[in-house]
Amino acid sequence: MPVTPPMPPLKRVPPGAWTVLAWWAGLVFTFLIRIRLPGESGPAKLAGPFFFQWDGLAWLAAATVLAHLAAVLLRRRPLPALGLLLAAAVLACVPLGVAEIPLAQFLAADAALLFIAAERPRRTGITALLGALTLLAGYLTTRLLSGWPAGTSAELAVAMTAVIAWLVGHSVRQAREHADTLLATAAAQAVADERLRISRELHDTVAHSIGVIALQAGAARRVIDTQPRWAGQALADIETAGRETLSGLRRMLGVLRHGGQGRPCEPAPGLADLDRLAATTTDAGVHVEVRRLGERRPLPPEIDVSAYRIIQEAITNVVRHAGTSRCQVSIEYRADELAVEVLDGGRGLRRRPEGGYGLAGMRERVTLLQGSFRAEPRAEGGFRVTARLPLTARAR
């Protein structure tokens, strides 16, 4: 399972911070084009009559305060935050002496539109876009009805940037939803594949049990008249095998699907093969210490196989991701359940790796057996995987 790459630094910046940066960028640009820069004969834009006076600066300061308040509210209350940004854009136009809302004063609103369209429901994004366009249209209409000059062409360009910002955010949201759908589909497929593997392992166990039952039943039928005691023992063995097989079928038959025809699978390993797994892993560089607690006794086949597979996957995760040279496996035979625990002192795993379904597969096995499963970082460092598998009445 590949380790999840860290989030790029730019993606960790909250939307409100981007909005504030956009506002200040527009404000700085507004001042720069109203002074004579090197190589120019004069300012690119004439300043308003009181732009550099205290009252003009007060209007800009009030607009800046509204923009910062909007940045604080943007994530929790996006539409009111956008309303504050639009109000800030209008206030900032008062000392500029312009006939339209300039793009520099609308950059923060564009940034907010992008984030609202990307992170909020489609209806919220459309409402935000309509609100921004309504403000631009209302600003022009007010100037026209008042007999003042109106920069219609420039305002159309600003409106186009608002639409583009909304489209970019909408595309981001669609891409994220598509990725979530693909991830859910892949996870469902992984669960289905894991169920198929379990069903194949159970098939081998059931086929073996049924074969033994058939042989013992045939032998008992032939000697029941001449050796009734031996026939009785055979019938007792048949009862034991039948109970164990039916126990496994009751647990899994309702949820497992037939996996299609193919070559027969090899017999699945069990806890008896754990020492060999530990030795192989130790040879690979990670020392595996196996501790067995309680009275060892035969387990139902599905419990034995699932416990082995859980330990195997947990050890594989230690080798691939923990960055440690040791791990400890504990198997405790309790009165009514089998408890399995795998501990390591490595780096731990605080987020599910992208593209990896080992933990999902282990959880699925335990769920099918009506047990409990936990996989979590340890407070003292490292990672812990625990599983509790209830035993059948016969196993108890």
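Rules used throughout
- Residues numbered from 1 in each chain as written.
- Predicted model: local features only at pLDDT ≥ 70, side-chain atom pairs only at ≥ 80, totals over all residues.
- Heavy atoms only, no water.
- Phe/Tyr/Trp six-rings, centres within 6.5 Å; stacked < 30°, edge-to-face > 60°.
- Buried < 20%, exposed > 50% of the residue type's maximum accessible area, 1.4 Å probe, protein only.
- Lys NZ or Arg CZ within 6 Å of the ring centre and 35° of its normal.
- Helix = DSSP H or I, 4+ residues; strand = E, 2+ residues; numbered from the N terminus.
- Expected span 1.5 Å × (residues − 1).
- Pairing = 2+ DSSP bridges.
- Core = buried A, V, L, I, M, F, W, Y, C linked by side-chain atoms within 4.5 Å.
- Contact = heavy atoms within 4.5 Å.
- Axes fitted to C-alpha atoms, helices over the stretch in contact; angles between N-to-C directions.
- Parallel < 35°, antiparallel > 145°, perpendicular 65-115°, else oblique.
- Left-handed = near helix turned anticlockwise from the far one by under 90°.
- Polar contact = N/O pair within 3.5 Å; in protein donor to acceptor, adjacent residues only side chain to side chain.
- Salt bridge = Lys/Arg side-chain N within 4 Å of Asp/Glu carboxyl O.

The full count for this structure, using the stated rule, is 3 aromatic pairs. On the basis of an interplanar angle of 85 degrees and a centroid distance of 4.7 Å, the ring pair of Phe51 and Phe52 is categorised as edge-to-face. A relative accessible area of 46% places Phe52 in the partly exposed class. Over the face of the ring belonging to Phe51 we find Arg34, whose NZ or CZ atom lies 5.6 Å from the ring centre.

It is worth spelling out helix H9 (residues 301–322) at this point. In this model H9 runs 30 Å from its N-terminal to its C-terminal C-alpha over 22 residues, within 8% of the 32 Å that 1.5 Å per residue would give. Positive phi shows up at Gly323, right after H9, with a value of about 65 degrees.

A few words now on the pairing of strand E5 (residues 383–390). Here strand E3 (residues 337–344) pairs with E5 via 8 bridges, running antiparallel. Its bridge partner being in E5, Glu341 is matched across the sheet by Thr386. As paired strands, strand E4 (residues 372–377) and E5 are joined by 6 bridges and run antiparallel to one another. In the sheet register, Ser372 faces E5, and the bridge partner there is Arg388.

Turning our attention to unusual backbone geometry. Phi angles above zero are rare outside glycine, and Gln370 is one such case at about 60 degrees. Among the structural elements, Gln370 can be located in the loop between helix H10 (358–368) and E4.

If you look at the biggest cluster of nonpolar residues, it comprises 39 residues, and the most contacted ones within it are Trp23, Leu82, Ile101, Phe106 and Leu113. Those elements that place two or more of their residues in this core are helix H1 (15–32), helix H2 (54–73), helix H3 (78–93), helix H4 (103–119), helix H5 (122–145) and helix H6 (152–223). Leu113 has contacts with Leu82, Ala128, Leu129, Ala132, Ala162 and Ala165, leaving out every residue within four places of it along the chain. Ranked by size, the runner-up nonpolar core spans 33 residues in total, among them Leu274, Ile311, Leu359 and Phe373.

Turning our attention to the packing of H2 against H3. Here H2 crosses H3 at 165 degrees, and the two axes come no closer than 8 Å. Our classification of the angle between H2 and H3 gives roughly antiparallel. Note that H2 runs across H3; the crossing there is left-handed. In contact with Trp59, Leu60, Ala63, Leu66, Ala67, Leu69, Ala70 and Leu73 of H2, H3 contributes Pro78, Ala81, Leu84, Leu85, Ala87, Ala88, Leu91 and Ala92.

For the rest of this paragraph, the subject is the side chain of Thr30. When you line up the elements, Thr30 lands in helix H1. Within the structure, the side chain of Thr30 is placed 2.8 Å from the backbone oxygen of Gly26, a separation counted as a polar contact. For Thr30, the contacting residues outside a window of four places in its chain are Phe51, Leu96, Ala104 and Gln105.

Inspection of every chain in the model, using the stated rule, returns 9 salt bridges. Notably, a salt bridge pairs Arg292 with Asp275, separated by 3.4 Å at the nearest N-O pair. One end of the pair, Arg292, is in strand E1 (residues 287–293); the other, Asp275, is in helix H8 (residues 274–283), and 17 residues separate them in sequence. Residue classification places Asp275 among the partly exposed positions, given a relative accessible area of 44%.

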